[in-house]
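# Chains, contacts and geometry: an overview
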Amino acid sequence: MTDRELTALDISRVLECLPHRYPFLMIDKIIEIDGDESAIGVKNITFNEPIFQGHFPGKPIFPGVLILEGMAQTAGAIVIAEEQKKGDKYTVFLLTIDKAKFRKPTEPGDVLEYHIKKVQRRRNVGKYQAKAMVNGVVVAEAEVGAMIVRDE
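Residues numbered from 1 in each chain as written. Predicted model: local features only at pLDDT ≥ 70, side-chain atom pairs only at ≥ 80, totals over all residues. Heavy atoms only, no water.

### Quick word on unusual backbone geometry
The bulk of non-glycine residues show a negative phi, and the bulk of peptide bonds are trans. In this structure, Pro23 follows Tyr22 across a cis peptide bond, with omega equal to 5°. Checked against the element boundaries, Pro23 lands in the loop between helix 1 (11–17) and strand 2 (29–34). The step from His55 to Phe56 runs through a cis peptide bond, and the omega angle for that step is -5°. Tracing the chain through its elements places Phe56 in the loop between strand 3 (38–44) and helix 2 (64–84). You will see that Glu32, though not glycine, has its phi angle at about 50°, which is positive. (Helix = DSSP H or I, 4+ residues; strand = E, 2+ residues; numbered from the N terminus.)

Below, the structure written as structure tokens:
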């Protein structure tokens, strides 16, 4: 990774930062990155995702727990991308989910945006405020905490 400023992560860079893979990767790209301070992750919700076979037949709704996972993955990816600038390899582990609220269902055809903003980071533990939005409307929000661990 060069020292040039990161402004976005396409899917190939997201895959370099996170260990998650299909069907559990909950972000397609990350835009508007400001170091590890803030970013917007994007997830295109499509009807052909395997989760919709059972959640729920006849009324497909993207599960809230997967929205939370997308929030955490977005925060984790920007933290790892920032750490990669130093040349070391890290993995991020979810520690906490606090103040989670679900405001509106998310359905196939929606484009989820995960708006992430750093609350604090002390050494290897960080906390992020996250809002999931569709068309500018908040559909879910939470605070996510994570631990950053150097790979051996």
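### Notes on the environment of Leu95
Mapping Leu95 onto the fold places it in strand 4 (residues 90–102). A residue is classified by how much of its surface remains accessible, and Leu95, at 44% relative accessible area, is partly exposed. Between the alpha carbons of Leu95 and Lys127 there is a distance of 9.3 Å; along the sequence they are 32 residues apart. Those residues in contact with Leu95 that lie beyond four places of it in its chain are Val125, Gly145, Ala146 and Met147. (Buried < 20%, exposed > 50% of the residue type's maximum accessible area, 1.4 Å probe, protein only. Contact = heavy atoms within 4.5 Å.)

### Concerning the nonpolar core
Counting 39 residues, the largest nonpolar core has Leu9, Ile30, Phe62, Met71, Leu112 and Tyr114 as its most contacted members. In terms of residue count, the dominant contributor to this core is helix 2 (10 residues). (Core = buried A, V, L, I, M, F, W, Y, C linked by side-chain atoms within 4.5 Å.)

### So, the environment of Gly54
On the secondary structure map, Gly54 appears in the loop between strand 3 and helix 2. Gly54 sits in the exposed class, given a relative accessible area of 52%. Separated by 33 residues in the primary sequence, Gly54 and Arg21 have C-alpha atoms spaced 20 Å apart.

### Some details on the environment of Lys101
Counting through the fold element by element, Lys101 comes out in strand 4. Owing to a relative accessible area of 41%, Lys101 belongs among the partly exposed residues under this scheme. Every residue in contact with Lys101, bar those within four places of it in the chain, is listed here: Val139, Ala140 and Glu141.

### Quick look at the packing of aromatic side chains
Centre distance and the angle of the planes are the two values used to describe a pair of aromatic rings. Tallying each qualifying case throughout the model produces 2 aromatic pairs. Geometrically, the ring pair formed by Phe47 and Phe52 is stacked, given 6.4 Å between the ring centres and 10° between the ring planes. A relative accessible area of 58% means that Phe47 is categorised as exposed. In this structure Phe52 comes out as buried when scored by relative accessible area, which is 6%. Look at Phe52 and Phe62: their rings are 6.3 Å apart centre to centre, the planes differ by 55°, and that puts the pair in the tilted class. (Phe/Tyr/Trp six-rings, centres within 6.5 Å; stacked < 30°, edge-to-face > 60°.)

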